[in-house]
Amino acid sequence: MQYSWFDSKPDGTILGQKVTALQRVGVYVPGGKAAYPSSVLMNIMPAKVAGVDEIVMVTPPGKDGKVTPTTLVAAKEAGADKVYKVGGAQAIAALAYGTESIPKVDKIVGPGNIYVALAKKAVYGFVSIDSIAGPSEILVLADETANPRFVAADLLSQAEHDEMASAILVTTSMELAEKVSAQTDAFVKELSRGEIIQKSLDNYGHILVAETMEDAIDAANSIASEHLEIVTANPFEVMTKIRNAGAIFIGEYSSEPLGDYFAGPNHVLPTNGTAKFFSPLSVDDFIKKSSIISYSRNALEKIHTDIEKFAEAEHLTAHANSIKVRFENKRKGAVSVMQNRIGSCKRKTKETDIELTINLDGQGKNQIDTGIPFLIICWMDLQDMDYLI
């Protein structure tokens with residue numbers, strides 16, 4: 001977690017960053033085809049750690065009008081402040097714009113179907129969002145040492161989410177490819193969501209055979225999958241060459257569902273190739289940062305002409321003037337000294353009434369002996385004189 005910081009200099013310069021938690025966040029939890037208490041935890045807990053003041057959760061109820069008990073228990077344990085039984089694009093709209101019963105939030109997070117994703121895209125800019133999440137994805141990068149039964153099981157673990165989910169095997173072994181294909185067919189017949197899995201595999205399931213591991217790694221980086229499993233003889237060596245992946249699971253006992261429910265920072269991950277530039281959901285998604293800048297007169301005086309030159313180069317005279325006005329007295333003094341530098345001083349006592357005027361020329365120390373012991377005028381230098389004139 002990031003914290004505010006400040007750096008001060010002896011000349012009066014203070015630079016820093018103020019970290020502030022968002023005030024109100026909306027969490028969307030899907031609930032149409034399955035219950036997802038894990039998504040409740042993964043979205044709410046980082047927001048609580050960040051210090052968000054209010055967390056509003058929305059989730060569609062079942063046909064009986066009720067929310068799954070496991071989802072409600074997860075919401076209570078994680079720290080949701082309010083839960084509304086509403087789902088779909090209308091839930092996103094309510095969070096973004098507010099209604100009589102649902103308050104407007106500052107940011108919306110959480111996965112959903114295509115309608116939820118497009119709704120989040122539509123309201124982005126009016127509120128912040130975590131990402132435009134697509135269907136679940138898994139890519140298994142494997143060589144001849146991988147267990148085909150394990151690989152097949154892992155591919156199907158994501159295919160069962162949605163008919164549009166993708167499951168891809170990239171391998172350097174034709175033998176492994178054939179065994180995994182046969183094993184997936186056998187698993188589909190046994191699993192409860194076999195129909196959904198089969199549609200997913202038919203539309204978005206692929207087995208790619210590469211000539212070399214370098215080619216396989218290039219393919220994985222190009223696809224930039226949400227979940228990437230590395231099941232090779234040297235998985236950690238391969239991992240160092242991976243640039244794009246939402247989460248990386250290393251070794252044959254690091255199955256993807258481990259990250260869904262138990263291990264790792266979060267299972268809300270970038271999809272649709274956005275792992276090339278997006279990161280998993282984290283505490284950082286629930287904070288904002290403000291720059292802190294404070295300069296004393298002395299600190300600004302050292303650099304004010306540089307700032308003015310930048311502004312003038314861009315023909316932004318109001319920018320330059322905003323700096324110049326803070327040193328007008330000095331500038332006027334400097335000009336008067338160059339044209340007709342005059343210094344004056346008055347001293348009045350019971351015995352005397354003296355006014356002394358001197359025309360100064362050049363720089364450095366100047367002293368005038370008035371002949372009166374208690375009246376000696378000394379200009380230390382041009383800068384001091386500017387303040388005295």
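Residues numbered from 1 in each chain as written. Predicted model: local features only at pLDDT ≥ 70, side-chain atom pairs only at ≥ 80, totals over all residues. Heavy atoms only, no water.

Asker: For the overall build of the protein chain, give the residues involved together with the corresponding values.
Answerer: Looking only at helices and strands, the protein chain has 14 helices and 17 strands in total. Going through the 389 residues of the protein chain one by one, you find that 41% of them count as buried. For the protein chain, the computed accessible surface area is about 21,900 Å², with 54% contributed by carbon and sulfur atoms. (Helix = DSSP H or I, 4+ residues; strand = E, 2+ residues; numbered from the N terminus. Buried < 20%, exposed > 50% of the residue type's maximum accessible area, 1.4 Å probe, protein only. Areas by Shrake-Rupley, 256 points an atom, 1.4 Å probe, with all protein chains shown as cover.)

Asker: Could you give an account of a negative patch on the surface, naming the residues involved and the relevant values?
Answerer: Together, E211, E214, D215, D218 and E237 make up a region of like negative charge exposed at the surface. Along the chain, E237 turns up in helix α9 (residues 235-239). The exposure class assigned to E237 is partly exposed, which follows from its relative accessible area of 47%. (Patch = residues over 30% accessible without salt bridge, like charges linked within 9 Å, V, L, I, M, F, W, Y side chains within 5 Å. Salt bridge = Lys/Arg side-chain N within 4 Å of Asp/Glu carboxyl O. Lys, Arg positive; Asp, Glu negative; His and termini not counted. Charge placed at Lys NZ, Arg CZ, Asp CG, Glu CD.)

Asker: Just give me the short version of the packing of aromatic side chains, but keep the residues and values in it.
Answerer: Evaluated as defined, the whole model comprises three aromatic pairs. For the pair F150 and Y253, a centre-to-centre distance of 6.0 Å together with 65° between the ring planes defines the contact as edge-to-face. Of the two residues, F150 sits in helix α5 (residues 148-159) while Y253 sits in the loop between β12 (247-250) and α10 (256-261), which places them 103 residues apart along the sequence. With relative accessibility at 67%, the residue Y253 sits in the exposed group. (Phe/Tyr/Trp six-rings, centres within 6.5 Å; stacked < 30°, edge-to-face > 60°.)

Asker: Tell me about the sheet that holds strand β10 (residues 205-209), and please be specific about residues and values.
Answerer: Judged by pairing direction, the sheet is parallel, and its five strands sit side by side in the order β10-β9-β8-β11-β12 without closing on themselves. Two strands close off the open sheet at either side, each with one partner strand: β10 and β12. Across the sheet, the mean angle from the axis of one strand to that of its neighbour is 15°, orientation sign disregarded. As judged from the six bridges shared by strand β8 (residues 137-142) and strand β9 (residues 166-171), these two strands associate in the parallel manner. For I138, the partnering residue across the bridge sits in β9 and is A167. Against the sheet, α5 touches β8, β9 and β11 (227-231), its axis set at about 165° to β8. (Pairing = 2+ DSSP bridges. Axes fitted to C-alpha atoms, helices over the stretch in contact; angles between N-to-C directions. Contact = heavy atoms within 4.5 Å.)

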